[in-house]
Amino acid sequence: MVQNITNQNASFGSISRVGTTPDGRIIYQVNDSSGQEAGKMTVAAQDADLFEKSYNDIMEAAPKIQKYAVEHSSPEAAERRKKTSRIITLLTTLVGVGIPIYLTRKSSSTFKQVFAALGGAIAGLAAGMGLTFATLTPPGMVKFSKASKNLSKIEIQPLNEIA
């Protein structure tokens, strides 16, 4: 069980566990980046651990993504990433075609060579796309995306306090 989600990166705000509602939901206080209370929300007790872990993952990944965006936001950097992506995909596709052609070079069946080359091209293209994703995706983006997906599955409700 995650117990502490406070003291996170203050530039993004913070969330603190502050209590429990009479019906058993966990109450969280949301503070903005200046430390002022922005509101309160509740999460079902069975979802609290997932909520806290997802929140911590997002807070851990957000500065990395922000730094990557700042460093790679220029048009030149975008063009370099696009060119790198094309080169990686082209090279892995060529290797994917070349290996089956080399391995079937002594085969008398042209049919076998064509289908081996086609399969190799598809495999090389898929490998190129995967390698491009792995090398050009901002650090922390996969973790951020998974945590965001987890949070979208949780029922989070605003706390309506009646004074």
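Residues numbered from 1 in each chain as written. Predicted model: local features only at pLDDT ≥ 70, side-chain atom pairs only at ≥ 80, totals over all residues. Heavy atoms only, no water.

(A) Expanded view of the overall build of the chain. On a plain count of helices and strands, the chain comes out with four helices and four strands. The order of α-helices and β-strands along the chain, N terminus first, is β-β-β-α-α-α-α-β. Relative to the compact-globule value of 15 Å for 163 residues, the chain shows a C-alpha radius of gyration of 25 Å, a clear excess of over 25%. Across its three principal directions, the C-alpha atoms of the chain cover 85 × 40 × 20 Å. Out of the 163 residues belonging to the chain, those deemed buried represent 30%. Pairs at least 24 residues apart make up 55% of the contacts formed inside the chain by residues separated by at least 6 positions. (Helix = DSSP H or I, 4+ residues; strand = E, 2+ residues; numbered from the N terminus. Rg over C-alpha atoms; globule rule 2.2 N^0.38 Å. Buried < 20%, exposed > 50% of the residue type's maximum accessible area, 1.4 Å probe, protein only. Contact = heavy atoms within 4.5 Å.)

(B) Representation of the packing of helix α2 (residues 75–103) against helix α3 (residues 110–136) within the structure. As a packed pair, α2 and α3 sit with axes 7 Å apart at the nearest point and diverge in direction by 150 degrees. By the angle between their directions, the pair α2 and α3 is classed as roughly antiparallel. Crossing handedness for the pair α2 and α3: right-handed. Its residues placed into classes, the contact of α2 with α3 shows 12 nonpolar, 11 polar and one charged. (Axes fitted to C-alpha atoms, helices over the stretch in contact; angles between N-to-C directions. Parallel < 35°, antiparallel > 145°, perpendicular 65-115°, else oblique. Left-handed = near helix turned anticlockwise from the far one by under 90°. Nonpolar A, V, L, I, M, F, W, Y, C, P; charged D, E, K, R; others polar.)

(C) Region of interest: α3. With 27 residues, α3 should cover 39 Å at 1.5 Å per step; its first-to-last C-alpha distance of 38 Å lies within 8% of that length. Along α3, the positions that sit buried rather than exposed are Ala-117, Gly-120, Ala-121, Gly-124, Gly-128 and Thr-132. Packed against the buried residues of α3 are α2. (Expected span 1.5 Å × (residues − 1).)

(D) The pattern of salt bridges, seen in detail. For the structure shown, the criterion picks out four salt bridges. In this structure, Asp-57 and Lys-53 form a salt bridge, with 2.9 Å as the shortest nitrogen-oxygen distance. In this pair, Asp-57 and Lys-53 are both assigned in helix α1 (residues 48–71), four residues apart and thus about one turn of the helix distant. The salt bridge involving Lys-143 is made with Asp-57; its shortest N-O contact spans 4.0 Å. One end of the pair, Lys-143, is in helix α4 (residues 141–153); the other, Asp-57, is in helix α1, with 86 residues separating them in the sequence. (Salt bridge = Lys/Arg side-chain N within 4 Å of Asp/Glu carboxyl O.)

(E) Layout of the sheet that holds strand β3 (residues 37–43). Strand order in this open sheet of four strands is β1-β2-β3-β4, and the pairing throughout is antiparallel. The sheet is open, and its two edges are formed by β1 (14–20) and β4 (156–158), each paired on a single side. The average angle at which neighbouring strand axes cross in this sheet is 35 degrees, direction not considered. (Pairing = 2+ DSSP bridges.)

(F) Representation of the packing of aromatic side chains. On inspection of all chains with the given rule, the structure shows two aromatic pairs. Here Tyr-28 and Phe-51 contribute two aromatic rings whose centre-to-centre distance is 4.7 Å and whose plane-to-plane angle is 45 degrees, an arrangement assigned as tilted. With Tyr-28 in strand β2 (residues 26–31) and Phe-51 in helix α1, this residue pair connects regions lying 23 residues apart in the sequence. There is no split in this pair, since Tyr-28 and Phe-51 are both buried. Ring geometry for Phe-111 and Phe-115: centres 4.5 Å apart, planes at 70 degrees, overall edge-to-face. Pair noted here: Phe-111 and Phe-115 are both in helix α3, with a separation of four residues, about one helical turn. The exposed category is assigned to Phe-111, whose relative accessible area is 61%. The partly exposed category is assigned to Phe-115, whose relative accessible area is 47%. The residue whose ring lies beneath Arg-105 is Tyr-102, and the NZ or CZ to ring-centre distance is 4.0 Å. (Phe/Tyr/Trp six-rings, centres within 6.5 Å; stacked < 30°, edge-to-face > 60°. Lys NZ or Arg CZ within 6 Å of the ring centre and 35° of its normal.)

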